[in-house]
Amino acid sequence: MPTPLPWHLRPVDEVALDLTTELRAGLDDAEAQARLARIGPNLLAEGRRRGPVRILAEQFADLMVLVLLAAAVLAGAIGDAQDSVAIIAIVALNAILGFVQEYRAERAVAAIKAMVAPQARVRRGGMLRTVPGRDLVPGDLVLLEAGSVVPADLRLVEVADLRIDEAPLTGESHPVEKGTTVLTDAARPLAERRNMAYKGTTVVHGRATGIVVGTGMRTELGRIAALLHEEPHLRTPLQRRMAAFARRLAGGVLGLCAVIFGVGVLRGEDFLLMLLTALSLAVAAIPEALPAVITVSLALGARRMVARNALVRRLAAVETLGSVTVVCSDKTGTLTQNRMEVHAVQAAVPAGDPDVDTAPRGEAEDLLYLALTLSHDAEHDAEGTVRGDPTEHALLVAASARGLSKATLEAERPRAAEIPFSSERGRMTTLHRDGEGILAFTKGAPERVLPLCATRLVGDRREPCDPTSLDGLVATMAERGLRVLAVAARRFATLPDVTRPEMVETDLTLLGLVGLRDAPRPEVKEAIALCATAGITVVMITGDHPVTARAIARELGILRDGDDRVMTGTALGRLTPEELREVVREVRVYARAAPEQKIGIVKALQAGGGIVAMTGDGVNDAPALRRADIGIAMGDSGTDVAREAAHMVLVDDNFATIVAAVREGRRIYDNIRKFIRYALACNSAEIWTLFLAPFLGLPIPLLPIHILWINLVTDGLPGIALAVEPEEPGVMERPPRPPRESVFAHGLWQHVVWVGLLMAGVTLLLQAWAYHAGSANWQTMTFTVLALSQLGHVLAIRAERTSVFRLGFFSNRALIGAVALTLGLQLATLYVPALHPVFKTAPLTATELAICVLLSTVVFFAVELEKWMTRRRWILREETAP
């Protein structure tokens, strides 16, 4: 149906006329059924869920895995069935681990559709009835009451003290007071459209009637769902780096093996032997354990995160947090507790008077806390839990903390009457029997209560009240992000006529001011400070009021050094994409931001080279959660829509868990780099050994079986054990990795080259000595020294800068166990007679074995020397790689 103006700009009569409905009787059943058939059910379209088959298939959609499968085919083609089976087993293990983790996470978040009201109370044909929420159509007349979930977008027709919690949709931290007055600003943010109620929000107080103006995907909730479906999940930094690594590796290995084959044939070596050697080397040069190392690292990281109350939905997300440069956080429920509390209670005295105590005392204090106990509808249930509107909940909690019992005080001063809150009056009055008379309490917005006060109670004395003298105090409290309530009282001899509020709410005595807020989580400030130390920028993006956002951002340290800039959604809407990319470099707080603006901010940060994590709990956060490099939803207070869109869910809503996840992500990436450093250096040593031996006049030093054994056993077992290496000192004191940084950066490629050459040099030196000395065991010694050198290398590279002697050899017991097992298997190839014909080896004498062991320590001490020189800055790590 055509809507020339937004619904909030139109009078109720015009809305009813446009939708052809009766304001008293609603639609008749026949018309409702006809509209339902024409428009469709009041349901949100669901995105395609990841089923088990899709999750499993995604485990193979990786270039590194495809390279490994090609290597398995190649190994089978040259007759090495064992190696082919081993590679396939590693790939299968990788897929199974990834599948199990992600499938469990999908099931864990597959819960809900609680945002949609299952039933709705409507008036059709003049009769009140309950219908399924899915059957609502535009023009239906819906009745709301406290506890109702709004079933569709409504233009409110009648309200009675109506307050709605819109935090999941808009980020507003406290319930919004609703009315029916026509609004005039077309660009008014969603959170300020006081004559509308939106699908998925919750009524916390009062009653209302509204006309349905939008259903299903034509609601504000549906618009967000559409945004969510448009945003694909991005590939993680690790996935992008590993794809680039696989491309380089595949090309380099094939080129080198072709050279080795050609040189060998030109020297007159046997054609078939050189072909087998080159093909074996091609298989051996591929670090086939890498996917297993990555998956084991991520799975163990995910398991550690579960212990910290973080559920990882996609394994790669664990490492991604180690790369983030910006954390964009929602405020309500993420940085704050999503629970109103009384933060300040002020006496009715002007601000800045040094001679006056600003805390209420004497009779003023007694009456003020009596009002906080009685003048609302919140109460304790049978279990002792406070039930009621969040603001009134906070008032009762504050009174209870002073030892006041509502049940006891209500028995002494029962409520005789009340004047309910209305958005037009902005206040509420309750009247209580107090002895022979009546004691009335009025509370509400200062601008609606202070002008009604003739006197103020300061301690035990009454004095004239000048409302303008308190403007400074009210403004100061508001600037601190507090929602300010003025509380006043009046005594009557008899019960006045409450149908005439203007006669009751006059000549009041001001008792004091109460400041409420949604307080920051206690652990968040420290977590944000740690983010700053780690070089991570924290940005607040909220749908809440700018003043509230600024106050919370100051308190948490997001805004500092005199920077008070807060950009509103209205200002954001006027920026071009190019201007927004400039703005996001400087602005740290955004308020009244719409869902599509949150996406725009994330995209602008990404366009500037940032790796962006987005946290949130509301429906309005979901599209940005999906667009971010890693979306982090709140599991306790968060909505199901947000959890579905996220890569990770914080079960306890603890922002500090993000910092622990960043630490875990950095540890995982460091360990992956260690494995790459280890595997490539060892594999390059095998290549250099085979390539250089002919030029030195030496026979082929290693047989294909030796190469494959070293690659599978010596590389594989210790390499996988690197996945559990503890974090290095100072891991959270360095800046994030640049998004485009290669996996070979910070000296890794240089390390691979020189360590590979050194290991090959030691191996060839031993081969030349033993061969020319006439030792019959020269090839077995060559095989042994290369294998043992690699074990020495893996012990030395456990840290990039810190000496292994400082780390402690047994700080990674898994690695020590893997090295011991590998050493035992290597010795078995020498001293178990049944293995001699398989590996073409012979038992070494004690002297020969001692020489092999001694020479194999050269690489260990050389790497320790490199780290020593790096700590003294004699070697500077490069930031980029070729």
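Above this text is the structure in question.
Since the structure is predicted, the reported quantities are computational estimates derived from the model, not experimental observations.

Criteria and cut-off values
- Residues numbered from 1 in each chain as written.
- Predicted model: local features only at pLDDT ≥ 70, side-chain atom pairs only at ≥ 80, totals over all residues.
- Heavy atoms only, no water.
- Helix = DSSP H or I, 4+ residues; strand = E, 2+ residues; numbered from the N terminus.
- Contact = heavy atoms within 4.5 Å.
- Areas by Shrake-Rupley, 256 points an atom, 1.4 Å probe, with all protein chains shown as cover.
- Buried < 20%, exposed > 50% of the residue type's maximum accessible area, 1.4 Å probe, protein only.
- 1 Å grid on protein atoms, 1.4 Å probe; cavity = no way out; pocket = protein on both sides within 12 Å on 5 of 7 lines; lining within 4 Å.
- Points joined across faces, edges and corners; volume = space filled by probe spheres on them.
- Nonpolar A, V, L, I, M, F, W, Y, C, P; charged D, E, K, R; others polar.
- Patch = residues over 30% accessible without salt bridge, like charges linked within 9 Å, V, L, I, M, F, W, Y side chains within 5 Å.
- Salt bridge = Lys/Arg side-chain N within 4 Å of Asp/Glu carboxyl O.
- Lys, Arg positive; Asp, Glu negative; His and termini not counted.
- Charge placed at Lys NZ, Arg CZ, Asp CG, Glu CD.
- Pairing = 2+ DSSP bridges.
- Axes fitted to C-alpha atoms, helices over the stretch in contact; angles between N-to-C directions.
- Parallel < 35°, antiparallel > 145°, perpendicular 65-115°, else oblique.
- Left-handed = near helix turned anticlockwise from the far one by under 90°.
- Phe/Tyr/Trp six-rings, centres within 6.5 Å; stacked < 30°, edge-to-face > 60°.
- Lys NZ or Arg CZ within 6 Å of the ring centre and 35° of its normal.
- Core = buried A, V, L, I, M, F, W, Y, C linked by side-chain atoms within 4.5 Å.
- Expected span 1.5 Å × (residues − 1).

### So, the overall build of the protein
Secondary structure summary: the protein contains 33 helices and 25 strands in total. Taking the intrachain contacts of the protein between residues at least 6 apart in sequence as the baseline, contacts between residues at least 24 apart amount to 73%. Of the roughly 35100 Å² that the protein leaves accessible, carbon and sulfur atoms contribute 59%.

### As for the environment of valine 15
With respect to the helices, strands and loops of the structure, valine 15 is situated in helix H1 (residues 12–18). For valine 15, a relative accessible area of 0% translates into the label buried. With 198 residues separating them in the primary sequence, valine 15 and valine 213 have C-alpha atoms 8.3 Å apart. Once residues within four sequence positions are removed from consideration, valine 15 is found in contact with Trp7, Arg10, Arg155, Ile211 and Val213.

### Describing the layout of surface pockets
What the second largest pocket holds in volume is close to 1100 Å³. Around the second largest pocket, the lining is made up of 47 residues, and of these His174, Glu177, Arg194, Ala445 and Arg483 lie nearest the centre. Considered class by class, the residues forming the lining of the second largest pocket number 16 nonpolar, twelve polar and 19 charged.

### Thoughts on unusual backbone geometry
Even without a glycine there, the phi angle at arginine 592 is positive, about 55°. Here arginine 592 is to be found in the loop between strand S22 (589–591) and helix H22 (595–607).

### A look at the environment of arginine 361
Turning to its location among the elements, arginine 361 is positioned in the loop between strand S10 (336–346) and helix H12 (362–374). The class of arginine 361 is partly exposed, set by a relative accessible area of 41%. The sequence separation of arginine 361 and alanine 347 amounts to 14 residues, and the corresponding C-alpha distance is 7.8 Å.

### Things to note about a positive patch on the surface
Together, Arg801, Arg806, Arg871, Arg872 and Arg873 give the surface a local cluster of positive charge. Within the element layout of this structure, arginine 872 appears in the segment after helix H33 (846–871).

### A short note on the sheet that holds strand S20 (residues 537–541)
Paired through backbone hydrogen bonds, the strands of a sheet run either parallel or antiparallel to each other. The strand order across the open sheet formed by eight strands is S8-S25-S24-S23-S9-S20-S22-S21, and the pairing between neighbours is mixed. If you trace the sheet from one side to the other, it starts and ends with strand S8 (310–312) and strand S21 (567–568), each paired once. As paired elements, S20 and S22 share two bridges and run parallel to each other. Counterpart to methionine 540 in the pairing with S22 is valine 589. The strands that H22 touches are strand S9 (326–329), S20, S22 and strand S23 (612–616); relative to S23, the one it contacts most, it runs at about 160°.

### Quick notes on the pairing of strand S16 (residues 453–458)
Direction of pairing for S16 relative to strand S19 (residues 508–520): parallel, over a ladder of three bridges. Residue pairing in the sheet places threonine 455 in a bridge with threonine 509 of S19. Linkage of S16 to strand S17 (residues 461–464), two consecutive antiparallel strands, is achieved through a turn of two residues, within which glycine 459 is found at a positive phi near 70°.

### Looking at the packing of helix H28 (residues 748–772) against H33
Two elements in contact, H28 and H33, have axes separated by 11 Å at closest approach and are oriented at 160°. Relative to H33, the element H28 is oriented roughly antiparallel. Two packed elements cross with a definite hand, and for H28 against H33 that hand is right-handed. Across the interface between the two elements, His751, Trp754, Val755, Leu758, Met759, Val762, Leu766 and Trp769 of H28 pack against Ile851, Cys852, Leu855, Val858, Val859, Ala862, Val863 and Glu866 of H33. Along the lines of polarity and charge, the residues of the contact of H28 with H33 split into 14 nonpolar, one polar and one charged.

### With respect to the packing of aromatic side chains
Two measures describe an aromatic ring pair: the distance that separates the ring centres and the angle between the ring planes. One pass over the structure, following the stated rule, counts seven aromatic pairs. Each ring, one from phenylalanine 805 and one from phenylalanine 809, has its centre 5.6 Å from the other, and the planes form 80°; the classification is edge-to-face. Accessibility expressed as a relative area gives 30% for phenylalanine 809, which makes it partly exposed. When the ring of phenylalanine 860 is compared with that of phenylalanine 861, the centres are 5.0 Å apart and the planes differ by 85°; the resulting orientation is edge-to-face. Residue phenylalanine 860 is classed as buried on the basis of its relative accessible area, which comes to 9%. Here a set of aromatic residues connected by ring pairs shows up, and it is made of Phe805, Phe809, Phe860 and Phe861. Above the ring of phenylalanine 421, the side-chain terminus of arginine 163 is found at 5.3 Å from the ring centroid. Over the face of the ring belonging to tyrosine 369 we find arginine 402, whose NZ or CZ atom lies 4.1 Å from the ring centre.

### With respect to the pattern of salt bridges
A complete count under the given rule lists 42 salt bridges for this structure. With a shortest N-O distance of 2.6 Å, glutamate 158 and arginine 24 are connected by a salt bridge. With glutamate 158 in strand S4 (residues 153–165) and arginine 24 in the loop between H1 and helix H2 (29–39), the pair connects residues that are 134 residues apart, well separated along the chain. When its relative accessible area of 36% is taken as the criterion, glutamate 158 is described as partly exposed. The salt bridge partner of arginine 415 is glutamate 418, with a shortest N-O separation of 3.0 Å. Overall, the relative accessible area of 28% leaves arginine 415 in the partly exposed class. Given the relative accessible area of 31%, glutamate 418 is considered partly exposed.

### Topic: a nonpolar patch on the surface
A contiguous nonpolar patch, built from Phe805, Phe809, Phe810 and Phe861 and spanning about 440 Å² of accessible area, is present on the exposed surface. Relative to the assigned elements, phenylalanine 861 resides in helix H33.

### Comments concerning the pairing of S17
In the sheet, S16 pairs with S17 via four bridges, with the strands oriented antiparallel. From the neighbouring strand, valine 458 faces S17, where its bridge partner is arginine 461.

### Thoughts on the nonpolar core
Nonpolar side chains in soluble globular proteins generally cluster together in the buried interior. If you look at the biggest cluster of nonpolar residues, it comprises 58 residues, and the most contacted ones within it are Leu321, Val324 and Ile558. Counting residues per element, this core draws most heavily on helix H25 (residues 656–692), which supplies nine residues. Listed in part, the 38 residues of the second largest apolar core include Leu690, Ile710, Leu788 and Val804.

### A word on the side chain of serine 856
Within the secondary structure layout, serine 856 lies in helix H33. Excluding residues within four positions of it along the chain, serine 856 makes contact with Val785, Leu788 and Ser789.

### Let's talk about empty space enclosed by the protein
For the structure on display, the rule yields two cavities of 30 Å³ or more. Considering only enclosed or pocket space, the largest cavity measures out at about 120 Å³ in volume. The wall of the largest cavity is formed by 15 residues, among which Ile260, Met274, Leu690, Pro694 and Ile700 lie closest to the centre. Those elements that provide at least two residues to the lining of the largest cavity are helix H8 (237–266), helix H9 (271–285) and H25. It is H8 that provides the largest number of residues to the lining of the largest cavity, a total of three residues.

### Let's talk about helix H13 (residues 390–401)
Three- or four-residue spacings in an α-helix give side chains the same orientation, since the helix completes a turn every 3.6 residues. Between its terminal C-alpha atoms H13 stretches 16 Å, which fits the 16 Å expected from twelve residues at 1.5 Å a residue. Three or more residues of H13 are buried, namely Thr391, Glu392, His393, Ala394, Leu395, Leu396, Ala398 and Ala399.

### So, helix H19 (residues 546–556)
Residues of H19 that are buried: Pro546, Thr548, Ala549, Ala551, Ile552, Ala553 and Leu556. Just beyond H19, the residue with positive phi is glycine 557, at close to 90°.

### Re the packing of H12 against H13
For the pair H12 and H13, interaxial distance at closest approach is 8 Å and the crossing angle is 130°. Between H12 and H13, the angle is such that the two are oblique. In this structure, H12 crosses over H13, and the sense of that crossing is left-handed. For the pair H12 and H13, the contacting residues are Tyr369, Leu372 and Thr373 in the first and Leu395, Leu396, Ala398 and Ala399 in the second. Broken down by class, the residue content of the contact of H12 with H13 amounts to six nonpolar, one polar and no charged.

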